[in-house]
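Report on the structure
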Amino acid sequence: MKVLGFNGSPRAKKGITDRILQQFLKGAAEAGAETETVYLAKKKIKFCTGCFSCWLVHPGRCIHKNDDMDELRQMMRRSDMLVYASPVYIDGITAIMKNFMERCMPNAQPFVEIRDGHTRHPLRGKGTRQLKMVVLSTCGFGERDNFDPLLRHMEAAAKNMKVDYLGALIRPMGPFLDVVAQKDPEKVRSIDDAFHQAGFDAVAKGEIGDAVRKAAEAPLMSRDEFIVTLNSIAQSEIEKYSAKKPDR
Ligand SMILES: Cc1cc2nc3c(=O)[nH]c(=O)nc-3n(C[C@H](O)[C@H](O)[C@H](O)COP(=O)(O)O)c2cc1C
């Protein structure tokens, strides 16, 4: 089985998105999958122009020639499971991830059919293998509902993409994992382990259980503690940088 992870964070390997994605892929590899990561921020992906040429003029082919999308769409076709990993940016996926998803329009056809009681576009390429899909996300705030728009969006996208959607794993307060690890390394280890286990289960069992999902999103600290911690880090960072600035 081939598992392809798309990292939609502009911070690529430096971000929390990659931390959870790599744990997931490590678990998937231990269950026997061949895994690969695409750092979308490092790829050249032009914007969709909305010309519909890929549907009507040259079916299945985009008008853009000199970018990385042809290669990425080929990689998708060779995969069995796609992992979309994006941090929450302004309550949704990043612009990088959205841009990539829009450029997958050539994968669909202009015709319309009814699927799951809803009008949808049939996919291109008969007999292509049934893809599985997983979503991973992290955000700065602690409330679970910060993920609601992103999760709703990706669930809808999964239905249109006709994939077997295994669901999402979320990590609130992602940037605070290392802060908490200094005081309570065991708590953070069990969170990392949950993403790892999810990757293993997704490949070995074709599903991710509620217990693993819950462990991945386990609370890091109370809201009051979060406010004090974040405000004090923000203040000391501002002071640190202002001390480094040359006098104007
Ligand atoms: C432009 C921007 C918008 C963001 N919007 C949100 C948001 O709406 N809600 C939230 O909880 N965190 C938000 N965050 C915080 C990120 O989700 C958080 O820092 C996350 O760890 C970034 O992922 P990365 O570490 O992989 O880059 C935002 C960060 C940036 C830079």
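The text that follows walks through the structure, step by step, so that each part is easy to find. (Residues numbered from 1 in each chain as written. Predicted model: local features only at pLDDT ≥ 70, side-chain atom pairs only at ≥ 80, totals over all residues. Heavy atoms only, no water.)

**Re the environment of Gln23**
Heads up, the rule is: Runs of E in the DSSP output that reach at least two residues are strands. Runs of H or I that reach at least four are helices, and both are numbered from the N terminus.
Here Gln23 shows up in helix α1 (residues 16-30). Considering only alpha carbons, one finds Gln23 and Val83, 60 residues apart in sequence, at a separation of 12 Å.

**Points about the side chain of Ser86**
Rule in force here: With a 1.4 Å probe rolled over the protein chains alone, any residue whose accessible area is under 20% of its type maximum counts as buried; one over 50% counts as exposed, and the rest are partly exposed. Side-chain atoms alone can form a polar contact between residues adjacent in sequence; in general such a contact is a pair of N or O atoms within 3.5 Å, and within protein one must be able to donate a hydrogen while the other accepts it. Pairs of residues are marked as contacts when any of their non-hydrogen atoms sit within 4.5 Å.
Of note, Ser86 is situated in strand β3 (residues 81-87). Look at Ser86 and you get buried, because its relative accessible area is 2%. Within the structure, the side chain of Ser86 is placed 3.1 Å from the backbone nitrogen of Thr94, a separation counted as a polar contact. In this structure Ser86 touches Thr17, Ile93, Thr94, Met97, Leu136, Ser137, Thr138 and Leu150, once residues within four positions along its chain are discounted.

**A short note on the sheet that holds strand β1 (residues 2-7)**
Heads up, the condition is: Only strands joined by at least two bridges in the DSSP assignment are considered to pair. In this description, a line fitted to the C-alpha atoms serves as the axis of each element, helices being fitted only across the stretch in contact, and the angle between N-to-C directions of two axes falls anywhere from 0 to 180 degrees.
The 5 strands lie next to each other as β2-β1-β3-β6-β7, forming an open sheet whose pairing is parallel. If you trace the sheet from one side to the other, it starts and ends with β2 (34-39) and β7 (164-171), each paired once. On average, each strand axis in the sheet is tilted by 15° relative to the strand beside it, whichever way the strands run. Of the pairings in the sheet, the one linking β3 to strand β6 (residues 132-138) comprises 7 bridges and is parallel in character. Considered in β6, the bridge of Pro87 is made with Thr138. Along the sheet, helix α7 (residues 185-204) makes contact with β1, β3, β6 and β7, crossing β7 at roughly 175°.

**Details of the packing of aromatic side chains**
We count it as follows: For this analysis, a ring pair means two rings from Phe, Tyr or Trp (six-membered ring only for Trp) whose centres lie within 6.5 Å, classed as stacked if their planes differ by under 30 degrees, edge-to-face if by over 60, and tilted for the remaining angles.
The full count for this structure, using the stated rule, is 6 aromatic pairs. On the basis of an interplanar angle of 75° and a centroid distance of 6.5 Å, the ring pair of Phe141 and Phe226 is categorised as edge-to-face. Taken as a pair, Phe141 in the loop between β6 and α5 (148-160) and Phe226 in helix α9 (residues 223-244) lie far apart in primary sequence, 85 residues in all. Their ring planes at 75° and their centres at 5.2 Å tell us that Phe176 and Phe226 sit as a pair that is edge-to-face.

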